[in-house]
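What follows is the residue order along each chain.
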Amino acid sequence: MAINLDKINQALDKLDPTKSNNGSQDDIIKLEEGEHHIRIAPYKHDMEMPFQEMWFHFGIAGRTFLCPTKMKGESDPICDFASKCWDQFKQTNDESFKEMFKNMAAKNRAYIPIIKRGEEDKGIRWWSVSPRTTYKDILNHVRSGLRQGVDITDPVEGLDLVVTMAHGYNNWLVPESIITALKTTPLAPKKDLPALIDSVKSIDELFQFTPIDEMKVSLDRHINPNADEVSEKIGAAFDKLLT
């Protein structure tokens, strides 16, 4: 039996820290610079709230982890360490502890199921946005519509969003403007709606929790990247935080 190339690729992806817990590229959309017409789609697992908020630890030894503390109220070593860094900052006013806390504390991202016009054949994909800016803007559009008796997310009589992407702070590509279309349009032809709505991948399938022991290994590598070169004094300081 010939070896399966797809399985080899999958195994390599699991070892690639840039792809850890970041979901399948087929299920996540990144909007390029310029204007895009998108439509918020219903989320079959929560028909009353398509927007899903997720909490992550980013850049821990080059990896991303879903945060058990924020997501399900369970202790995790990265949050525990971040909290101890904050406690040390309050006790000592040492800015280095504050920076460690900021780098390790869980950060929020909002995920929105959308269809991109012109790429309907790719189905519903998840768009990751900042909770403080883009997410807030979109929620305000939805709320404004509802107050006027219009559900812009309605799959039959809703409204598309026109999103203009441009380079912003640190040259990051961010939505420069988001406006609602003036004319109602269906998400898709009526006969195709049930299958389309059913096709969206669950956010819980897209992002999965990492075993705690694995998180501990990455945390140790993150705070002590050159273990053989770190002085006993620095090592003892970190040990004190962890105990």
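Conventions we followed
Residues numbered from 1 in each chain as written. Predicted model: local features only at pLDDT ≥ 70, side-chain atom pairs only at ≥ 80, totals over all residues. Heavy atoms only, no water. Phe/Tyr/Trp six-rings, centres within 6.5 Å; stacked < 30°, edge-to-face > 60°. Helix = DSSP H or I, 4+ residues; strand = E, 2+ residues; numbered from the N terminus. Buried < 20%, exposed > 50% of the residue type's maximum accessible area, 1.4 Å probe, protein only. Lys NZ or Arg CZ within 6 Å of the ring centre and 35° of its normal.

(A) Region of interest: the packing of aromatic side chains. If you walk through the whole model with that rule in mind, you get nine aromatic pairs. Measuring from centroid to centroid gives 5.0 Å for Tyr43 and Trp126, while their planes differ by 80°, and the two rings are edge-to-face. Separated by 83 residues along the polypeptide, Tyr43 in the loop between β2 (34-40) and β3 (52-60) and Trp126 in strand β6 (residues 125-129) bring together distant segments of the chain. Per residue, the accessibility class of Tyr43 equals that of Trp126, and both read buried. Relative to Trp172, the ring of Tyr169 lies with its centre 5.7 Å away and its plane at 80°, an arrangement referred to as edge-to-face. Judged by relative accessible area, Trp172 falls into the exposed class, the value being 52%. An aromatic cluster is built from Phe56, Phe58, Tyr111 and Phe207, whose rings are joined through pairwise contacts. Sitting above the plane of the Trp55 ring, Lys70 keeps its charged end 4.7 Å from the centroid. For Lys72, the ring lying beneath its charged end belongs to Phe209, and the centroid distance is 4.0 Å.

Shape is all these values report; function is a separate question.
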